[in-house]
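Overview (structure and organization)
Below, each chain spelled out in residue letters.
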Amino acid sequence: MKRIVLFLATNVAILLVLSIAMRVLGLEPYLTETGLNLTSLLVMAAVMGFGGSFISLAISKWMAKKTMGVRVIETPSNSSEFWLVDTVRKYAADAGIGMPEVGIYDAPDVNAFATGMTRNNSLVAVSSGLLQQMKRNEAEAVLGHEIAHIANGDMVTLTLIQGVVNTFVIFLSRVIGHTVDRVVFKNERGHGPAFWVTTIVAQLVLGILASIIVMWFSRQREFRADRGGASLAGGQNMIAALERLDSLHPQPLPDKMAAFGIAGGGAHGLKRLFMTHPPLEERIAALRARQ
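Residues numbered from 1 in each chain as written. Predicted model: local features only at pLDDT ≥ 70, side-chain atom pairs only at ≥ 80, totals over all residues. Heavy atoms only, no water.

Time to look at helix α11 (residues 280-289). Within α11 the residues assigned to the buried category are Leu280, Arg283, Ile284 and Leu287. The buried side chains of α11 occupy one side of the element, clustering within an arc of 100° when seen end-on. Looking at the packing, one finds that the buried side of α11 touches α6 (136-151), α8 (193-233) and α9 (235-248). (Buried < 20%, exposed > 50% of the residue type's maximum accessible area, 1.4 Å probe, protein only. Helix = DSSP H or I, 4+ residues; strand = E, 2+ residues; numbered from the N terminus. Arc of directions from axis to C-beta. Contact = heavy atoms within 4.5 Å.)

Laid out in structure tokens, this is it:
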């Protein structure tokens with residue numbers, strides 16, 4: 001639950017900062033003498049909503065390297081690194097994408113992730129724990145899963161989805177704030193305190209609903225990446241990798257990388273709505289059903 005609150009608070013803070021910046025720079029021309037100019041408001045909301053999402057995508061590789069301490073393999077120095085780079089190169093060629101950067105980060109948990117701006121400018125990173133605790137065929141399936149994320153364009157797709165929902169959160173929260181300010185508090189000129197308080201509250205509530213939508217799409221794309229990993233590394237190997245992950249109970253990645261890792265934390269009840277990944281048992285069952 002702390003991760004969910006932190007995720008929502010971060011998104012709201014980003015949107016509020018962008019809103020203030022737009023206002024200071026005079027780029028928020030949606031308030032008129034007679035009320036809201038909905039067209040101007042929608043344009044402003046789209047600029048803010050998509051702008052924040054694409055900025056996050058543009059710096060995703062840099063952020064991943066800094067926050068996770070990823071060491072990019074420039075020149076392999078041992079047999080594990082040679083195998084890792086060669087496997088990623090083979091799967092990238094099979095998937096028809098450019099060769100990603102390949103890195104390792106120091107963590108005992110078994111996990112991996114992919115990120116990057118485009119299919120031909122990406123990063124695949126694995127934990128040291130994955131190299132130590134997984135068999136080669138299982139690790140190859142994990143790499144296949146991450147390459148499938150890149151080949152499917154999942155980073156860009158989720159960025160676009162996030163941009164759309166951000167746009168409507170910004171747009172609707174301001175419409176609600178304006179309505180409350182005018183109808184309930186009878187403020188006829190400008191925006192009073194009621195507008196800002198109502199807008200922030202509406203943005204929080206709508207942000208929660210928007211996150212549920214984004215997480216649902218994220219879970220669907222995990223199933224697709226599993227199928228892609230099975231195609232690249234073999235169905236039985238993909239199932240074996242997921243079964244090994246299920247037995248090891250890996251910890252989830254930080255929020256910005258969680259959607260493109262191989263594993264995510266389990267949840268039940270309402271928490272399930274905010275999961276980036278379906279439960280491992282569901283993913284295994286979905287692969288078995290395709291055998």
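Membership of the largest hydrophobic core comes to 37 residues, with the highest contact counts inside it found for Leu84, Leu130, Met134, Leu143 and Ile147. Counting residues per element, the ones that place at least two in this core are α4 (79-95), β4 (101-105), β5 (112-118), β6 (121-127), α6, α8, α9 and α11. In this view, leucine 143 contacts Trp83, Leu84, Thr87, Val88, Tyr91, Val124 and Val126; residues no more than four positions away in its chain are not counted. (Core = buried A, V, L, I, M, F, W, Y, C linked by side-chain atoms within 4.5 Å.)

In space, the 4 strands of this open sheet follow the order β3-β4-β6-β5, with mixed pairing throughout. The open sheet has two free edges, formed respectively by β3 (71-72) and β5, since each of these has just one partner strand. Judged from the 5 bridges that link them, β4 and β6 form a sheet pairing that is parallel. Along β6, the bridge assignment pairs tyrosine 105 with serine 127. Running over the sheet, helix α3 (residues 60-68) touches β3, β4, β5 and β6 and is turned about 150° from β5. (Pairing = 2+ DSSP bridges. Axes fitted to C-alpha atoms, helices over the stretch in contact; angles between N-to-C directions.)

What follows covers the environment of phenylalanine 171. One can find phenylalanine 171 in helix α7 (residues 154-184). Note on phenylalanine 171: relative accessible area 14%, which makes it buried. For the pair formed by phenylalanine 171 and valine 43, sequence separation is 128 residues and the distance between their alpha carbons is 9.1 Å. Dropping the residues within four chain positions of it, phenylalanine 171 is found in contact with Leu38, Leu41, Leu42 and Ala45.

Before going further, it helps to spend a moment on the packing of α6 against α9. Axis separation between α6 and α9 bottoms out at 8 Å; the angle between their running directions is 100°. As summarised for this structure, α6 and α9 are arranged roughly perpendicular, according to the angle between their axes. In this structure, α6 uses Asn137, Glu138, Ala141, Val142 and His145 to contact α9, whose residues at the interface are Asn237, Met238, Ala240, Ala241 and Arg244. The residue makeup of the contact of α6 with α9, split by class, is 5 nonpolar, 3 polar and 2 charged. (Parallel < 35°, antiparallel > 145°, perpendicular 65-115°, else oblique. Nonpolar A, V, L, I, M, F, W, Y, C, P; charged D, E, K, R; others polar.)

Once that is clear, we can look at the packing of α8 against α9. Running from N to C, α8 and α9 cross one another at 125°; their axes reach a closest spacing of 6 Å. Classified by the angle between their axes, α8 and α9 sit oblique to one another. Along its contact with α8, which presents Asp226, Gly229, Ala230 and Ala233, the element α9 presents Gly235, Asn237, Met238 and Leu242. Here the residues of the contact of α8 with α9 are counted per class, giving 4 nonpolar, 3 polar and 1 charged.

Spatial relationships are all this shows, so hold off on functional conclusions.
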